[in-house]
Amino acid sequence: MSEREVVLSGIAASPGIALGRVMVVTRHDIDIPLRHLDAGEIEAEKKRLVEAMGRARDQLMETRDKVATDMGESYARIFDAHVMILEDKGSLAQVMEKIDGGYNAEFAFNAVFSKHERVLWEKGDTYIKDRAGDIRDVRRRVLSNLLGTRPARGDLSRIEEEVIVIAHDLSPADTAQMRRGKIMGFATDIGGRTSHTAIMARSLEIPAVVGLNDATTRVADGDFVILDGNRGRLIVAPSEETKKKYAEEHERYRTFALGLLRYKDLPATTIDGHTVTLSANIELHDEVDSVLEHGAQGIGLYRTEFIYIGREGLPTEEEQFLIYKDVASRLAPDPVIIRTMDLGGDKFMSAFESPKEINPYLGWRGIRFCLARKDIFKTQLRAILRATPFGDVKVMYPMISDLDEVLQANEVLEEAKRELKREGHEFDDGCKVGIMMETPAAVMIARELAPHVSFFSIGSNDLIQYALAADRGNEKVAYLYQPLHPGVLRLIDKTIRVGKESGIWVGLCGEMSSDVVCAFVLVGLGIDELSTSPYVVPEIKEKVRSIYFSEAEKVARHVLTLRTASEVEQAVLEKMEKDLPELLL
Amino acid sequence: MSAAADVARTAATFESDVWLSKDDAEVDAKSIMGILTLAAGMGSEVVVKADGPDEEEAVRAVVALFNAKFNEEA
């Protein structure tokens, strides 16, 4: 549809790259007919419903058995739960009552089940909303059986050409039917990392991106797209250059095992001996396996928000301690940087009323929330401190914009230490503390912040958004969101220089670190650490190992003097094409 | 999800009526839909009630299940 390349960002649900033609699987909201029944029709209507539910049950059991054979019993249990929802006696009684009242089966069934969905949706953080999706799957299945239509996604298993499926939403049953090799990947408008669809996609090793909001309206059947399940992107109408870059990455991904073996235990050292630490970003603690498999040297960003969402009430210190201890000891001796919770923005925990903010990204989030709720913050810091004897654990504060925030946060940390000491807990008193550099103000006062911390980690996604005042989720201004904008590069350069002068290391944990062109510039600017999705680590490592630091440095110095993002990009690409063609492969 | 299914399955093995309540909402513990709509995440406080011939065993079994760790991700 679109002439120019458009990058849509969502949630990386399942790793891998796919390039190909789109098949849009629309699920028009099912039209629910409303009919008033005569008294004489009621029994027949009830029978019709019971029969439709019976067929729905048979279909679910069939899928269940197929999944049990193909993927194992634990995945099959998802469908047991669907069957239980279907057979819920209380709900059925409510539906029957409505039919008794003279409503047709479709209307009655839909009314009862969508009400349950709405209740969950309204209570909802992302996890609970994913459970509402389970009820929706069952509801749609019964309705299509009543209406005599095939379940909209019934034929995913029959797709014969290779396609990338773009759908508003896919149920786990849809996902289970996907044949590997035919469906190269899928992207959906809604859904989260903990949705059953995401979990199944990872198990089936089908690349997937979810939570794209409006992908189905941005593409049409036959459009060429690139699905990047490593970074959570869907690229519509990619340029030739982007296609070439991804085709190579795709190929590399196929021969991934080899690549991993080759680079896993090697450092990210340039030909002329400059070493960069390559670490990984995680948000669920079960991603540790993937960090280890991909040869990352530790965790550069452990997002702890998922410990707080998907539940009611707050996680206790003990619960958190056990999680942090597990992650720390499995990574040891490599470091784990635990970022204290950055709630607000797009994530909010259900324990708090999500305040309705006109502009949540400029609102009550990150350290601002933590300092307003020091009780919650201190509990997390205590849990982190208690994990320090089990590995190399560091703490990082998000969303810093003011010196006072760092001082206050450090004061809470000291208080936590004093308490733990009094209570006789063991911990590392010298636990290193760092801050996210994601507001332009923090960069401008980096020199004042540096004496109070041990490292800076540049959160490039937010830094770019704040520096350019452009929300990349807004298609009207997304073109302004340019990582290579000289304004952004100079902020990054300043952060790195202040770090060096102050004797602290500087890392970058946003998406810039997983882009080859950006990473080249970052290495040239002297970044000490790059933290990316675990799946991208081998690729970036290989690139770093194939360049000369002296060359990258020269290019980086030069681009700092340029005027626009396109001038920067052109300069870097020219240099790469001339001297390092293999980098662009 | 499988956690809610486990609770409903366990409750259903008893003859007694079993209810779960949270805040001011009360649901039938034998109904997965009821449990789901309670929208109780990890760490929430839930009251278990039962009435019938095996009420004590029923409450004990459901509480034990809650206390055991639910293995949510497949």
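Remember, predicted model here, so these are calculated numbers, not experimental data.

### Observations regarding the overall build of chain B
Counting its secondary structure elements, chain B contains three helices and three strands. Going from N to C terminus, chain B has its helices and strands arranged as α-β-β-α-β-α. Put simply, of all contacts in chain B between residues at least 6 apart along the chain, 55% involve residues at least 24 apart. Taken as a whole, chain B presents about 3800 Å² of accessible surface, with 49% of it coming from carbon and sulfur.

### As for a negative patch on the surface
Residue and element names in this part refer to chain A. Residues Glu5, Glu241, Glu569, Glu574 and Glu577 make up a contiguous surface patch of negative charge. Here the negative patch takes three residues from helix H24 (residues 565–579), the largest share from any one element. Relative to the assigned elements, Glu577 resides in helix H24. Owing to a relative accessible area of 53%, Glu577 belongs among the exposed residues under this scheme.

### A short note on the sheet that holds strand S1 (residues 17–22) of chain B
Residue and element names in this part refer to chain B. Taken in spatial order, the three strands line up as S2-S1-S3 in an open sheet, and their pairing is antiparallel. The outermost strands of the open sheet, each flanked by one partner alone, are strand S2 (25–28) and strand S3 (47–51). Adjacent strand axes in the sheet meet at a mean angle of 25°, parallel and antiparallel pairs treated alike. Across four bridges, S1 lies against S2 in antiparallel orientation.

### A closer look at the pairing of strand S11 (residues 299–303) of chain A
Residues and elements named next belong to chain A. Among the five residues that make up S11, four are buried, leaving the element largely enclosed by the rest of the structure. Pairing between strand S10 (residues 275–282) and S11: three bridges, direction parallel. Bridge pairing in S11 places Asn281 opposite Leu301. Two strands pair when backbone bridges link them, and S11 and strand S12 (residues 335–339) are joined in this way by three bridges, in the parallel orientation. Bridging across to S12, Ile299 finds its partner in Val336.

### Section: the nonpolar core
All names here are of chain A. One finds Tyr397, Phe456, Ile492 and Leu530 to be the most contacted residues of the largest nonpolar core, which totals 102 residues. Tallying contributions element by element places helix H21 (residues 516–525) first for this core, with nine residues. Residues within four places of Phe456 in sequence aside, it is in contact with Ile435, Met437, Ala446, Leu449, Ala450, Thr495, Val498, Gly499, Ile504, Trp505, Val506 and Gly507. Val25, Leu49, Ile85 and Ala208 belong to the second-largest nonpolar core, a separate cluster that totals 70 residues.

### Structural notes on the environment of A:Asp169
Residue and element names in this part refer to chain A. Mapped onto the elements of the fold, Asp169 is located in the loop between strand S4 (163–167) and helix H6 (172–177). Along the primary structure Asp169 and Ile190 are separated by 21 residues, whereas in three dimensions their C-alpha atoms are 5.9 Å apart. A polar side-chain atom of Asp169 sits 2.4 Å from a polar atom in the side chain of Arg136.

### Details of helix H20 (residues 486–502) of chain A
All names here are of chain A. Taking 1.5 Å of rise per residue, the 17 residues of H20 would be expected to cover 24 Å, and the 24 Å separating its terminal C-alpha atoms lies within 8% of that figure. Among all positions in H20, only Pro486, Val488, Leu489, Leu491, Ile492, Asp493, Thr495, Ile496, Val498 and Gly499 are buried. Trailing H20 by a residue or two, Gly503 shows a phi angle of about 75°, which is positive.

### Some words on the confidence of the model for chain B
Detailed reading of the predicted coordinates is not advisable wherever pLDDT falls low. Residues and elements named next belong to chain B. Averaged over every residue, the pLDDT of chain B is 80; residues scoring 70 or more account for 82%. Here helix H2 (residues 32–37) stands out as the element of chain B with the lowest mean pLDDT, 81, in contrast to S3, whose mean of 91 is the highest. Both confidence scores are given for the complex: pTM 0.64, ipTM 0.74.

### What to know about the side chain of A:Arg136
Residues and elements named next belong to chain A. Along the chain, Arg136 turns up in helix H5 (residues 126–147). Looking at Arg136, the relative accessible area reads 14%, which means it is buried. For Arg136, the contacting residues outside a window of four places in its chain are Glu117, Asp169 and Ile190.

### With respect to the sheet that holds strand S2 (residues 11–14) of chain A
Two strands in a sheet stick together by hydrogen bonds in their backbones, pointing the same way (parallel) or opposite ways (antiparallel). All names here are of chain A. Taken in spatial order, the eight strands make up an open sheet running S1-S8-S7-S3-S4-S5-S6-S2, and their pairing is mixed. Both outer strands of the open sheet, strand S1 (6–9) and S2, are each paired with one neighbouring strand and no more. Averaged over all neighbouring strand pairs, the angle between strand axes comes to 30°, with direction disregarded. Strand direction decides the pairing type here: S1 and strand S8 (residues 233–236), joined by four bridges, are antiparallel. What sits directly across from Val7, in S8, is Ile235.

### Re the packing of H21(A) against helix H23 (residues 549–559) of chain A
Residues and elements named next belong to chain A. Contact geometry of H21 with H23 gives a least axis separation of 7 Å together with a crossing angle of 95°. Put simply, H21 runs roughly perpendicular to H23. When H21 is examined against H23, the residues Phe520, Val521, Val523, Gly524 and Leu525 are found in contact with a partner set consisting of Phe549, Ala552, Glu553, Val555, Ala556, Arg557 and Val559. Here the residues of the contact of H21 with H23 are counted per class, giving nine nonpolar, one polar and two charged.

The rules behind the values
- Residues numbered from 1 in each chain as written.
- Chains lettered and ligands numbered in written order.
- Predicted model: local features only at pLDDT ≥ 70, side-chain atom pairs only at ≥ 80, totals over all residues.
- Heavy atoms only, no water.
- Helix = DSSP H or I, 4+ residues; strand = E, 2+ residues; numbered from the N terminus.
- Contact = heavy atoms within 4.5 Å.
- Areas by Shrake-Rupley, 256 points an atom, 1.4 Å probe, with all protein chains shown as cover.
- Patch = residues over 30% accessible without salt bridge, like charges linked within 9 Å, V, L, I, M, F, W, Y side chains within 5 Å.
- Salt bridge = Lys/Arg side-chain N within 4 Å of Asp/Glu carboxyl O.
- Lys, Arg positive; Asp, Glu negative; His and termini not counted.
- Charge placed at Lys NZ, Arg CZ, Asp CG, Glu CD.
- Buried < 20%, exposed > 50% of the residue type's maximum accessible area, 1.4 Å probe, protein only.
- Pairing = 2+ DSSP bridges.
- Axes fitted to C-alpha atoms, helices over the stretch in contact; angles between N-to-C directions.
- Core = buried A, V, L, I, M, F, W, Y, C linked by side-chain atoms within 4.5 Å.
- Polar contact = N/O pair within 3.5 Å; in protein donor to acceptor, adjacent residues only side chain to side chain.
- Expected span 1.5 Å × (residues − 1).
- pLDDT = per-residue confidence, 0-100.
- Parallel < 35°, antiparallel > 145°, perpendicular 65-115°, else oblique.
- Nonpolar A, V, L, I, M, F, W, Y, C, P; charged D, E, K, R; others polar.

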